[in-house]
Amino acid sequence: MSKSGALDLASGLGGKIDKEEVKSAVDEYEKYHGYYGGKEEARKSNYTDMVNKYYDLATSFYEYGWGESFHFAHRWNGESLRESIKRHEHFLALQLGLKPGMKVLDVGCGIGGPLREIARFSSTSVTGLNNNEYQITRGKELNRLAGISGTCDFVKADFMKMPFDDNTFDAVYAIEATCHAPDPVGCYKEIYRVLKPGQCFAVYEWCITDHYDPNNATHKRIKDEIELGNGLPDIRSTRQCLQAVKDAGFEVVWDKDLAEDSPLPWYLPLDPSRFSLSSFRLTSVGRMITHTMVKALEYVGLAPQGSERVSNFLEKAAEGLVEGGKKEIFTPMYFFLVRKPLSE
């Protein structure tokens, strides 16, 4: 099961980073980002270091607040956040037509929450690709506890340079993960390479929408906050992502921003104007309590120095996500289903 207590949060802070080095890692991470004067070129050229530092620093917070699946979801009225997250994952499995015996790749799998859900839902074998050692360690332990270690595994690697042979997988998916790629065409080309001909790739992408105005200072600030709080080199537009996947060689089956017709806003769990007991830790009150707890744990030495600053930039991300959602300039669920042609 996912770590859920305050001491679990404290013990996981910093991931694989030495506890004495967490503060300097926070310093280095923050300097990458536009919010602190960093440049996009530096984030892209150092994306491996930036994203690994981000997930070492943030994973414990994510697991404490979200559970095992770190993503948003299309949500119906009367549906709990947990139910919507599972349905969001099942939707991918259904779109890909997953069947027992298929070999599936999860690109950027986190600690494997979606991997386990999709594997159990579809009776498939799922490999999780992740370049963060701490998340893989957690994922393997959670797979063991779930009893699926024999059919699902993890591979530590960069999704820009996958260690798989051509035409290995029957299906590939990514959930809010390939947004970390410095070059979307290069990332999608690697996915294309390892996918069998005639088979499909499905993805939820983090994107800016057509409502985003790069000359609007408020829009730019929101984008910077989201990039800072989520380890992103840049946030691409829906048009850029769709063109990139075409440039990689895929045929588009269909695409849609699923946020557009979600009965409940995707950002609702983070919205300070709303309150929920079922997802209390994600609410503004819950996040304030977590921040105060982390500050206290850091003060007494149970959490490493720099932990409060991680909480700060994650809170900044939450504010940016809610504001970006309300202004409809950002979506975490631009979906597309694409197919690798039978013949090239």
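Residues numbered from 1 in each chain as written. Predicted model: local features only at pLDDT ≥ 70, side-chain atom pairs only at ≥ 80, totals over all residues. Heavy atoms only, no water.

(A) The arrangement of the nonpolar core in detail. Ranked by internal contacts, the top residues of the largest apolar core, which has 75 residues, are Tyr173 and Phe313. Sorting elements by how many residues they give to this core places helix 4 (residues 47-66) first, with 10 residues. Structurally, this core is a two-domain feature, drawing no fewer than three residues from each of domain 1 (19-71 + 266-326) and domain 2 (81-226 + 235-263 + 328-340). Among all residues touching phenylalanine 313, those that are not within four sequence positions of it are Val26, Tyr29, Glu30, Tyr54, Leu57, Leu228 and Gly229. Counting residues in hydrophobic clusters, the runner-up holds 32 residues, among them Tyr47, Phe164, Val172 and Ala244. (Core = buried A, V, L, I, M, F, W, Y, C linked by side-chain atoms within 4.5 Å. Buried < 20%, exposed > 50% of the residue type's maximum accessible area, 1.4 Å probe, protein only. Helix = DSSP H or I, 4+ residues; strand = E, 2+ residues; numbered from the N terminus. Domains from an automatic or database assignment. Contact = heavy atoms within 4.5 Å.)

(B) View of a nonpolar patch on the surface. A cluster of nonpolar side chains, contributed by Val285, Met288 and Ile289, occupies part of the molecular surface with about 270 Å² of accessible area. Among the structural elements, methionine 288 can be located in helix 11 (residues 284-299). (Patch = residues over 30% accessible without salt bridge, like charges linked within 9 Å, V, L, I, M, F, W, Y side chains within 5 Å. Areas by Shrake-Rupley, 256 points an atom, 1.4 Å probe, with all protein chains shown as cover. Salt bridge = Lys/Arg side-chain N within 4 Å of Asp/Glu carboxyl O.)

(C) Inspection of the packing of helix 6 (residues 113-122) against helix 7 (residues 133-146) at higher detail. One can describe the packing of helix 6 onto helix 7 by two numbers: an axis separation of 10 Å at closest approach and a directional angle of 30 degrees. Helix 7 is crossed by helix 6, and the crossing has right-handed handedness. Contacts from Leu115, Arg116 and Arg120 in helix 6 reach Gly139, Leu142, Asn143 and Ala146 in helix 7. Residues of the contact of helix 6 with helix 7, tallied by class, amount to 3 nonpolar, 2 polar and 2 charged. (Axes fitted to C-alpha atoms, helices over the stretch in contact; angles between N-to-C directions. Left-handed = near helix turned anticlockwise from the far one by under 90°. Nonpolar A, V, L, I, M, F, W, Y, C, P; charged D, E, K, R; others polar.)

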